[in-house]
Amino acid sequence: MTPSLSSRPKPVGAGCVLVLLSVSACTLGCGGGGASPVAPPPTAPPPSPVTVNLTPGSATVLLGSTQTFAATVSGTADSTITWSVNGLAGGKSSTGTISADGVYTAPALLPSPAAVNVRATSHADNTKYAEATITVASDVTLSLTPGAASIELGAVLAFHAVVTSNGHPDTAVTWSLTGTPCPASCGTVDSAGNYTAPRTFPSPATFMLVVQSAADTSKKASAAIAVTSMFTLALSAPASVAPGATATLSATLQPAANSNPDTAISWTLSGAGCSVAGCGTMGNASSSLAAGGATVSTVIYTAPGKTPSPASVTVTATPTADTNRAAQASITIGSGGGTIALAPASATRAAGQRLTLGVTSSLASGSTLNWSVNGIAGGNGTVGVICAAGSNPCQAVSATSAAQVDYFSPAVIPAANPVTVRAASQADSTVSGTAQVSVIAHVVVSVSPGTITLAPAAQQQFFSTVLGTDNQSVVWQVSGAGCTGAACGAIDASGIYTAPPSAPSPASVTVRAISSADTSQSGSATVNFSTGPAILGLLPGSVYAGGTAGFTLLAEGSGFAASSPGPGSTLLIGGTPRLTTCLSAQECTAPVNSTDVAVAGTLSVQIQNPDGSLSNTASFVVLAPPGADELIALTASSPSASGKDIVVVETSSAGSSLSGASLDLNVAALGLFSVATNTCTLGGNALTAVRPAGGSAALEICLFSWSGLDTSMAYSVTGPAGADDVTVAGKQSAGLGIIHLTLQIPVSAAPGPRTIFIQNTNLDKTAASGALEVR
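This is a predicted model, so every value here is computed, not measured.

Q: Break down the sheet that holds strand 20 (residues 220–228) for me, citing the residues and quoting the values.
A: Two modes of strand pairing occur in sheets, parallel and antiparallel, and in both the strands are linked by backbone hydrogen bonds. Judged by pairing direction, the sheet is mixed, and its four strands sit side by side in the order 13-20-19-16 without closing on themselves. The open sheet has two edge strands with one neighbour each: strand 13 (148–152) and strand 16 (173–178). Across the sheet, the mean angle separating the axes of adjacent strands is 25° when strand polarity is ignored. Of the pairings in the sheet, the one linking strand 19 (residues 206–213) to strand 20 comprises seven bridges and is antiparallel in character. Bridging across to strand 20, L209 finds its partner in A223.

Q: Give me the state of the cysteines: which residues, what numbers.
A: Following the criterion strictly, the structure yields six disulfides and no others. Disulfide pairing places C387 opposite C394 at an S-S distance of 1.9 Å. Disulfide C387-C394: the torsion about the S-S bond is -100°, which places it as left-handed. Looking at C387, the relative accessible area reads 0%, which means it is buried. Taking the relative accessible area as the measure of exposure, C394 reaches 31% and is therefore partly exposed.

Q: Tell me what's going on with the nonpolar core, and back it up with residues and numbers.
A: Among the nonpolar cores identified, the biggest contains 69 residues, and Y104, F159 and Y195 are the most heavily contacted of them. V443, V447, C488 and Y497 belong to the second largest nonpolar core, which has 25 residues in total.

Q: So what about the environment of V299? Which residues, and what values?
A: By secondary structure assignment, the location of V299 is in strand 27 (residues 295–302). Assessed through its relative accessible area of 2%, V299 is described here as buried. In this structure, the C-alpha to C-alpha distance between V299 and A247, residues 52 residues apart in sequence, is 8.6 Å. If near-sequence neighbours (up to four positions away) are discounted, V299 is found in contact with A247, T248, L249, W267, M282, G283, N284 and A285.

Q: Break down the pattern of salt bridges for me, with residues and values.
A: Here the structure, examined in full by the defined rule, presents seven salt bridges. Residue D725 pairs with R754 through a salt bridge whose shortest N-O separation is 3.0 Å. Of this pair, D725 sits in the loop between strand 65 (714–718) and strand 66 (727–735) while R754 sits in strand 68 (residues 752–759), and the two are 29 residues apart along the sequence. Residue class for R754 comes out buried when judged on its relative accessible area of 0%.

The rules we used
- Residues numbered from 1 in each chain as written.
- Predicted model: local features only at pLDDT ≥ 70, side-chain atom pairs only at ≥ 80, totals over all residues.
- Heavy atoms only, no water.
- Pairing = 2+ DSSP bridges.
- Helix = DSSP H or I, 4+ residues; strand = E, 2+ residues; numbered from the N terminus.
- Axes fitted to C-alpha atoms, helices over the stretch in contact; angles between N-to-C directions.
- Disulfide = S-S within 2.5 Å.
- Buried < 20%, exposed > 50% of the residue type's maximum accessible area, 1.4 Å probe, protein only.
- Core = buried A, V, L, I, M, F, W, Y, C linked by side-chain atoms within 4.5 Å.
- Contact = heavy atoms within 4.5 Å.
- Salt bridge = Lys/Arg side-chain N within 4 Å of Asp/Glu carboxyl O.

In structure tokens form, the structure reads like this:
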């Protein structure tokens, strides 16, 4: 029998092994016999490949915003992922960054190209990864205020740019100027958007201010800027100068409000009958400042030794700020037998407007003057016409002895501008006076201040000037890009603007003055609003020095932090924080001590908010107490007095209130006091004191004040012509704010009404006029 793996052969030593090897060999390779084949041992399956899955596979992300990615790893127990952006682990600021947990943050500046790649790589097998494409998008919009502006030479105007986005882009912007005169002659703009106009008039005078987003340089906004030249130049020169004599010439350049033009002046001489030195000579010009910011350029003119023919020399003063605005005067080289002066010597008139010219002359009364405009007798429609003063329609004149005439400007700006209006003696043409009239296309309205920052609810007085007409009347309006109606504030007919209780967004409005003479013309100013704390007023704002009781100071304004729920704002008095109670964002109170007001001076008051922001500084005035009261006597024949300066302070209780009743020192009621019953009968009528037949008599009275009256206060009585014949002999507190006074009425007391004066320890003083009448 053939052995099998289950047979148990006889033990034959090593041969057994041979048998087993033989059987084993047969099992593996023999096909016959009765043994069963044995299967080979199983082979382990190959490991699964590592795979990475990433969601989402693509995304659009706004600047500065985030996108969360989820990565899953299969085929390995190690699920760790490493993240990269455009092949850089963790990314970088210019293309975006990604955190270890897959949160991608887009850059604040738009990259180029705008598509970036996010890769999630398996830590177990760094050859395995998944990728997603991100498109970095910009929804940036840019707004600019004001959208257009006219600005005077050298003036400064603040522009404001607002970057808006649903993302979180970089909000920085860059400013630039573009146009034909740029960059040399169109002014400058700083990094904050403050534009400074050039000091000399550019050509052309219009260009663009451009603001560009740093986050998305394709987003821009622009404002049209027009530079204006509204300064005035007045030339003063004598009508005539004798040959070889000298005369002082002056040109006064008055800048427009809030402007800063170049004030240099150049001088030249010319004449039809002379050239160079034949017209005379001028020394070196000197400049000086005059009232109102004007600059006066002065030069000494020496007439030629020989009178030219014709005998007229033209002096021209040309401003560097605008060479088109030169002023001229004509000087006659002659005997100088008299003078003629016209007033005003220079003026500006819009087309179709009148200018009244007055004549001052040393000529004989009734002398006839010949009038001309640019050498044309009586003028004409091209250069303007001389009219009889007040005539309507214009009654043209070329010769008159009247002390006034009207110059009626032409409808179109003349080629020779300004025009010269001349009044010459008919008896001696060498004696004359001139006036320079600049003709402009339309009236020009300017508003000052041109730019101002106000706190909410503050007030500001605006002023308007209408160049080119005597009619200075304007209509005021206020508007804003982020507000309408009362939300922009209000302005009254006199130009007093009241800001709204809260700032609009954007935080600026435009105040506009519309000319009544020409409603198509207007000027404007920009009001910007502060958002921090601002003090608008103090109550009291002033007290007398030496008060001993202390009092409450009330600061009124906006932007304060209320004490409830807190933390609230703090009042700083003289730089020292005080225990402060802020009932609202508009009111804060703090105590003032007697040491604060011991001596006369000024205390600084500020509000500090919890975030450290400080308000403007308000001044609290401490005045030295006055001396003796001055008596101002008024009678029926002299019911008023002039030349009296009356200086008063506010009551120290002005910052306090109780149940709606004023705490100011006053007399609310008075009456007779009964010593027998210790009672006071109060009323509203004056008390009567009857003079005794001899000696003196006591009158017991009582006074009541809502603020309370007590024995620490001083009481006195005055009478006719300052008589103090009624005295206060005693004072006692009757409780409930009532004081009991004992008055002494002498037999010599003058009949008539008396005034009772009361002064407290804070030196507040009140008077009950006519409270007592002596009979």
